[in-house]
Amino acid sequence: MYIIMAQRRKQDSSNGTNEYNPNFIVYRKMESVIQRMQDEKNGVPVRTVKSFMSKVPSVFTGADLVQWFIKNLDIEQTEALHLGSLVSAHGYFFPITDHVLTLKDDNTFYRFQTPYFWPSNHWEPENTDYAVYLCKRTMQNKSRLELADYEAENLARLQRMFSRKWEFIFMQAEAQAKVDKKRDKMERKVLDSQERAFWDVHRPVPGCVNTTEMDIKKACRLNKPLKTKKQMAYNVPGGRISPSVSESDLRTPIEELQSQIESYKRRLDRRKYKLSKIADLLITSCQQYAEYDALITAPEPSNPWISDDTTLWDLSKTMSLRDVPIWRVKRWGFSLEELLMDSLGREQFGKFLAKEFSDENLRFWLAGGELRSTSLSQVPEKVQEIYDEYLAPGAHSPINIDCKVLESIKENMQDPGRYTFDPAMEHIFQLMKSDSYYRYLRSDQYKELLNPKKKTKSLIPKLPSLANKMETFSQS
């Protein structure tokens, strides 16, 4: 991976992309400070710390770094913490035990990043590089290299995305893992932490800011010419048209609409997805649901339409965890939609969310669904109840939505209807689908339902207790 990234970085530098980066001046200023921090005499004291069973090489504490900022930059403690957190967020130094790149004024150990991974090199890694890195982490049996929850989810998404060339990615990861094993133990430990910190910058923890993204305002200040439609010169008596005026600006409304219609027709004729990919998805879906198709797989215990035995229908409606069939629980893992369509699945998912103190999301989504089937005369009252419960200031069960969604709901509240809360329902559904649903599938609660343990009968007969013996003896 290092060779591929180096070639890409060399190509970017030869194209002169660094001079167009609006953050390049900021990077150079931060790097000048980092170079002063790494000075052997007047820099931050870097040392190897001995722990109980091992050594931690090339580290320094957050308290030492804060004191260096205060002494050399003549700033206060709060400013030193803020400045250090900004420099750490760009990946110039990082905590060795945490994925969150911030500076703490305590004995937390930090390590400097190698210049190879500095953001001033100005190259953006691709998803294939990230897939190789995560796949390599799974091959190394080290507790410090175990994937976090969000990394495991990213690996699963990348595996679906690159399903066709996953074998090639796996071979690359395996080759890199073999090279890493040949390195010295201390060197390997340092390189692993630096590589992890690099990906913490470019693929940060959910909730953290990605400092590599370019601000749109800064991008507009670039000296690169914007890609626009072909401009034509028009000779006008008594003057000339501005060169920024294009041919489309001089069209009549009818001509403009006809041009848009032709453009939409061309888009309809163009395939957005490859036919082979669609065929693979169709085959996968058919294989997944073949078990639930009575024409393909004979249902157990029997088909009610043939045998007049309604046991199968009773099992599909039962709310008892003891009687629920495994094929019904397995279907919950297909998608969140399948889980919420099942009454028992909704109940179990709600209990799981209650343990995580986020069951208000599911209750709000279900309340919005009930609103759609409410009679028109009761809709305004129902809308106000839902708003007071989940969205109003000081609500009893507030849900987490952004300000844009909340503003759209307030506009819909002026004329309440059955679809007033649709923007918030879609937002909450995507939130549950991307976060809570996958954690539920990995929980012990779901795994116990999917693989129930059969209770075995004891072969040893139960002996009568001493109390029973005394009772029978007194009666006799």
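In this text the structure is predicted, and so the values were computed from the model without any measurement.

Reading the values: the criteria
Residues numbered from 1 in each chain as written. Predicted model: local features only at pLDDT ≥ 70, side-chain atom pairs only at ≥ 80, totals over all residues. Heavy atoms only, no water. 1 Å grid on protein atoms, 1.4 Å probe; cavity = no way out; pocket = protein on both sides within 12 Å on 5 of 7 lines; lining within 4 Å. Points joined across faces, edges and corners; volume = space filled by probe spheres on them. Helix = DSSP H or I, 4+ residues; strand = E, 2+ residues; numbered from the N terminus. Buried < 20%, exposed > 50% of the residue type's maximum accessible area, 1.4 Å probe, protein only. Polar contact = N/O pair within 3.5 Å; in protein donor to acceptor, adjacent residues only side chain to side chain. Phe/Tyr/Trp six-rings, centres within 6.5 Å; stacked < 30°, edge-to-face > 60°. Lys NZ or Arg CZ within 6 Å of the ring centre and 35° of its normal. Patch = residues over 30% accessible without salt bridge, like charges linked within 9 Å, V, L, I, M, F, W, Y side chains within 5 Å. Areas by Shrake-Rupley, 256 points an atom, 1.4 Å probe, with all protein chains shown as cover. Salt bridge = Lys/Arg side-chain N within 4 Å of Asp/Glu carboxyl O. pLDDT = per-residue confidence, 0-100. Contact = heavy atoms within 4.5 Å. Axes fitted to C-alpha atoms, helices over the stretch in contact; angles between N-to-C directions. Parallel < 35°, antiparallel > 145°, perpendicular 65-115°, else oblique. Nonpolar A, V, L, I, M, F, W, Y, C, P; charged D, E, K, R; others polar.

Let us look at the layout of surface pockets. Empty space left among the atoms is revealed by rolling a probe the size of a water molecule over them. Its boundaries defined by the atoms lining it, the largest pocket holds a volume of some 550 Å³. Taken together, 21 residues make up the lining of the largest pocket; nearest its centre are Tyr292, Leu312, Ser316, Trp327 and Arg331. Going through the elements one at a time, helix H12 (304–307), helix H13 (311–317), helix H14 (326–332) and helix H15 (336–341) are the ones with two or more residues in the lining of the largest pocket. The element best represented in the lining of the largest pocket is H14, accounting for four residues.

The subject of this paragraph is the side chain of glutamate 195. Within the secondary structure, glutamate 195 is located in helix H8 (residues 185–202). Residue classification places glutamate 195 among the buried positions, given a relative accessible area of 1%. Only 3.0 Å separates the side chain of glutamate 195 from the side chain of lysine 136, close enough to count as a polar contact.

Our focus in this paragraph is the packing of aromatic side chains. Any two aromatic rings considered together are summarised by their centre-to-centre distance and by the angle between their planes. For the coordinates displayed, the defined rule picks out 23 aromatic pairs. A ring pair is formed by tyrosine 133 and tryptophan 199, whose centres lie 5.8 Å apart and whose planes are at 25°; its orientation type is stacked. One end of the pair, tyrosine 133, is in helix H5 (residues 127–139); the other, tryptophan 199, is in helix H8, with 66 residues separating them in the sequence. By relative accessible area, which is 2% here, tyrosine 133 ends up buried. Members of the aromatic cluster, each reached through a chain of ring pairs, are Tyr116, Phe117, Tyr130, Tyr133, Phe198 and Trp199. A cation over a ring is seen here: arginine 203 above tyrosine 130, with NZ or CZ 5.5 Å from the ring centre. Geometry around tyrosine 292 places arginine 331 over its ring, the cationic atom sitting 4.9 Å from the centre.

Moving on, we come to a nonpolar patch on the surface. Together, Tyr273, Leu275 and Ile278 make up a nonpolar patch on the protein surface, roughly 340 Å² of accessible area in all. Relative to the helices and strands, leucine 275 is located in helix H11 (residues 275–289).

Looking now at unusual backbone geometry. As a rule of thumb, non-glycine residues mostly have phi less than zero, and peptide bonds are mostly trans rather than cis. Cis peptide bonds are those with omega within 30 degrees of zero, and the linkage from glutamate 300 to proline 301 qualifies with 5°. Looking at the element boundaries, proline 301 is found in the loop between H11 and H12. For aspartate 74, which is not glycine, the phi torsion reads 55° and is therefore positive. If you trace the backbone, aspartate 74 turns up in the loop between helix H3 (62–73) and helix H4 (77–89). Positioned with a positive phi, aspartate 308 is a non-glycine residue whose angle comes to about 60°. When you line up the elements, aspartate 308 lands in the loop between H12 and H13.

As a further point, take the confidence of the model for the chain. The pLDDT averaged across the chain works out to 80; a share of 80% of its residues lies at or above 70. In this model residues 12–17 is a low-confidence stretch, pLDDT under 50, and it forms four contacts with partners more than four residues away in sequence or in other chains. Counted against residues more than four places away or in other chains, residues 455–463, with its pLDDT under 50, gives zero contacts.

So, about the packing of helix H6 (residues 149–161) against helix H20 (residues 422–441). Between two packed helices, both the angle of their axes relative to each other and the distance between the axes serve to describe the pair. Relative orientation of the contacting elements H6 and H20 amounts to 105°, with a least axis distance of 12 Å. Classified by the angle their axes make, H6 and H20 are roughly perpendicular. Where H6 approaches H20, its residues Glu153, Arg157 and Arg160 are matched on the opposing element by Ser434, Asp435 and Tyr438. Tallied by class, residues from the contact of H6 with H20 come to one nonpolar, one polar and four charged.

The final tally for this structure, using the stated rule, is 20 salt bridges. We note a salt bridge from glutamate 31 to arginine 28, for which the minimum N-O separation is 2.7 Å. Taken together, the residues glutamate 31 and arginine 28, both in helix H2 (residues 24–37) and three residues apart, mark about one turn of the helix. Overall, the relative accessible area of 3% leaves glutamate 31 in the buried class. Here arginine 372 ties to aspartate 422 by a salt bridge, and the two come within 3.0 Å at their closest N and O atoms. With a gap of 50 residues between them, arginine 372 in helix H17 (residues 359–372) and aspartate 422 in helix H20 connect regions that are remote in the sequence. Look at aspartate 422 and you get partly exposed, because its relative accessible area is 24%. The structure contains a network of salt bridges with shared partners spanning Lys136, Asp180, Arg183 and Glu195.

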